[in-house]
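# Overview (structure and organization)
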Amino acid sequence: PLFAVLHPAKAFAPVAFRPLSTTTALAMSIVPGRPTWQQTMLRIKDPSKSLPFYTDLLGFTLIDTFDFPQYKFSLYFVTTLPEGETYTLTPGTQEAHEYLWSSDGVMLELTHNHGTETDDSSYYAGNQEKDGFGHVAVNVDDVYALSDKLEKAGCAFKKKPDEGRMKGLAFVYDPDGYWVELVKRGEDSGIPNEMNFSQTMLRVKDPKKSLEFYKALGMKVVGEKHFDDFSLYFLASSCMPDDSVLKNMFQPVLELTHNHGTEKDDDFKHFNGNEEGKQGFGHIGFLVDDVYAASDKIREFGYGFKKEPDGGSMKGLAFAYDPDGYSIEIIKRHLGADSPCTEFGDVKK
């Protein structure tokens, strides 16, 4: 069955994070500084292929870029904007950075390590045994029409709308082989866009621990689906209305997939996307008013940090671990001239 392919039970190599104690779980409370989900990061081989796929074919807008020639990588932030909203800022400028780090929208961060576009390397798209990352998705009124458009543009499919037992649902490959789910939105959504960025899917070992963690980052459960062997939990950012209807939302949700029984297996772990040979998905990220205050609270949860706010060359930026060892980036929100966004040392336009 299709869901056996899309949501297989998967495990992984250990990473440096610590299990959550019962005491810590009960002590969880909202992280200070109005945390909002801001990004999902994927590594890409060639921006000249990935950017047109997302912008020309899936309706995303390039919001901002960061170029780090000293570190030999560049970042591209794309998202879908409401129909009729015109974006006039130039990516790579300070003005675009301020917009990026103050927006309540969720971005897809495409990371390009210089030179990969001309070598024979490839990134790991996931969805093999023990992988955690599953896919990103767009919602659309007509899955069949979009699938036809993408097929005519030369895109390859994991699943076309009428293949398998689940009709009207499709998965197209992006240029790096990541799965992009095409989901039919609600009939009464009122969304005029042809497409909107709608989800990131991660597999989790224990939904109780994962839901506690992401609720502490302000996220709210806007939908659940339970089946014999697995369950799906859909979480929206803290800035979304409490009465949001899943299929009618314009902003994306974080889809947490739980294969029943994994929570009882002490040795079970998911690959998190950053292991050697399995690098593709990198992290999800949250904006907060104060990275240091937020990190102090997150530290109490007991899962550890990949990078503390003052670690490494980029100060004021943190990477925490969630219960499954996924990297969670903590970024300072731009609050105006008196509390500006962090300067990362990129070459601006």
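Anyway, here's the lowdown on the structure attached to this text. Starting from 1, residues in each chain are numbered consecutively following that chain's sequence as written. Whole-chain, interface and lining totals are the exception, using all residues; otherwise, since this is a predicted model, local features are given only for residues with pLDDT of at least 70 and side-chain atom pairs are given and counted only at 80 or more. Think of the side-chain values as coming from all heavy atoms in the structure, minus any hydrogens and water.

## Observations regarding the sheet that holds strand S13 (residues 281-288)
- Read across the sheet, eight strands follow the order S2-S3-S4-S1-S13-S16-S15-S14 without closing on themselves; strand pairing throughout is mixed. Since the sheet does not close on itself, it has two edges, and those belong to strand S2 (61-68) and strand S14 (305-307), each with one partner. Within the sheet, the average angular offset between the axes of one strand and its neighbour, ignoring direction, is 25°.
- Sheet topology places S13 next to strand S16 (residues 327-332); six bridges connect them, and they run parallel. Directly across from Ile-284, in S16, lies its bridge partner Ile-328. Pairing between strands is defined by DSSP: at least two bridges between the two strands are required. Segments assigned H or I by DSSP are reported as helices when at least four residues long, segments assigned E as strands when at least two residues long, and all are numbered from the N terminus. Only the contacting stretch of a helix is used when fitting its axis, a line to C-alpha atoms as for every element, and angles between N-to-C directions run 0 to 180 degrees.

## Structural notes on the nonpolar core
- Note on terminology: a nonpolar core comprises buried Ala, Val, Leu, Ile, Met, Phe, Trp, Tyr and Cys residues joined through side-chain atoms within 4.5 Å. Burial classification: accessible surface area is computed with a 1.4 Å probe over protein chains only, and a residue below 20% of its type maximum counts as buried, one above 50% as exposed, and the rest as partly exposed. Judged by nonpolar contacts, the single largest core of 62 residues is most densely connected at Tyr-54, Leu-58, Leu-182 and Tyr-214.
- Apart from residues lying up to four places away in sequence, Leu-58 is in contact with Phe-53, Thr-80, Val-138, Leu-146, Leu-150, Val-180 and Met-195.
- The next biggest cluster of nonpolar side chains, apart from the first, holds 19 residues, and it includes Ile-63, Phe-73, Phe-77 and Met-314. In this description, contact between two residues means that some pair of their heavy atoms is separated by no more than 4.5 Å.

## Section: helix H3 (residues 47-57)
- For H3, the complete set of buried residues consists of Pro-47, Ser-50, Leu-51, Phe-53, Tyr-54 and Leu-57.
- Following H3 by one or two positions, Gly-59 has its phi on the positive side, about 80°.

## A few points about the state of the cysteines
- Sulfur atoms of two cysteines make up a disulfide when they are within 2.5 Å. On inspection of all chains with the given rule, the structure shows zero disulfides.
- As a non-bridged cysteine, Cys-239 has Cys-341 as the owner of its nearest cysteine sulfur, 18 Å distant.

## Focus: unusual backbone geometry
- For Lys-72, which is not glycine, the phi dihedral falls at a positive 65°.
- Mapped onto the fold, Lys-72 is located in the loop between S2 and strand S3 (73-79).
- Look at Lys-72 and you get exposed, because its relative accessible area is 58%.
- Phi is positive for Lys-130, close to 75°, though the residue is something other than glycine.
- You can see Lys-130 is positioned in the loop between strand S4 (107-113) and strand S5 (133-140).
- Classification of Lys-130 as partly exposed rests on a relative accessible area of 35%.

## Topic: the side chain of Asp-64
- Position of Asp-64 among the secondary structure elements: in strand S2.
- Buried within the structure, Asp-64 lacks any salt-bridge partner; its nearest side chain of opposite charge belongs to Lys-349, at an N-O separation of 7.9 Å.
- Think of a polar contact as two N or O atoms within 3.5 Å of one another; within protein, one of them needs to be a possible hydrogen donor and the other a possible acceptor, and neighboring residues in sequence only count if both atoms come from side chains. Looking at Asp-64, its side chain comes within polar contact range of the main-chain nitrogen of Gly-92, at 2.8 Å.
- A polar side-chain atom of Asp-64 sits 2.6 Å from a polar atom in the side chain of His-97. The sign given to each residue is positive for Lys and Arg and negative for Asp and Glu; His and the chain ends receive no count. By definition, a salt bridge exists where a carboxyl oxygen of Asp or Glu is found within 4 Å of a side-chain nitrogen of Lys or Arg.

## Side note on helix H5 (residues 143-152)
- Burial in H5 covers these residues: Val-143, Leu-146, Ser-147 and Leu-150. For H5, the buried positions fall inside an angular range of 100° around the axis, keeping them on one side.
- Turning to H5, the residues buried within the fold contact H3, S5, strand S6 (157-159), strand S7 (170-173), strand S8 (179-184) and strand S9 (195-204).
- For H5, the capping residue at the N-terminal end is Asp-142, with a side-chain oxygen 3.0 Å from the backbone nitrogen of Tyr-144. An arc is given here, and it is the one of the directions from the helix axis to the C-beta atoms.

## Concerning the sheet that holds S8
- Here we have eight strands laid out as an open sheet, ordered S6-S7-S8-S5-S9-S12-S11-S10, and mixed in their pairing. In this open sheet, the two edge strands, each paired with only one partner strand, are S6 and strand S10 (220-226). Averaged over all neighbouring strand pairs, the angle between strand axes comes to 25°, with direction disregarded.
- Pairing of strand S11 (residues 230-236) with strand S12 (residues 253-259) involves six bridges; the strand directions are antiparallel. Each bridged residue has a counterpart across the sheet, and for Leu-235 the counterpart in S12 is Leu-254.
- Here H5 sits on the sheet in contact with S5, S6, S7, S8 and S9, set at roughly 145° to S8.
- Contacting S9, S10, S11 and S12, helix H6 (residues 207-216) runs over the sheet at an angle of about 165° to S12.

Function cannot be read off these values alone, since they describe shape.
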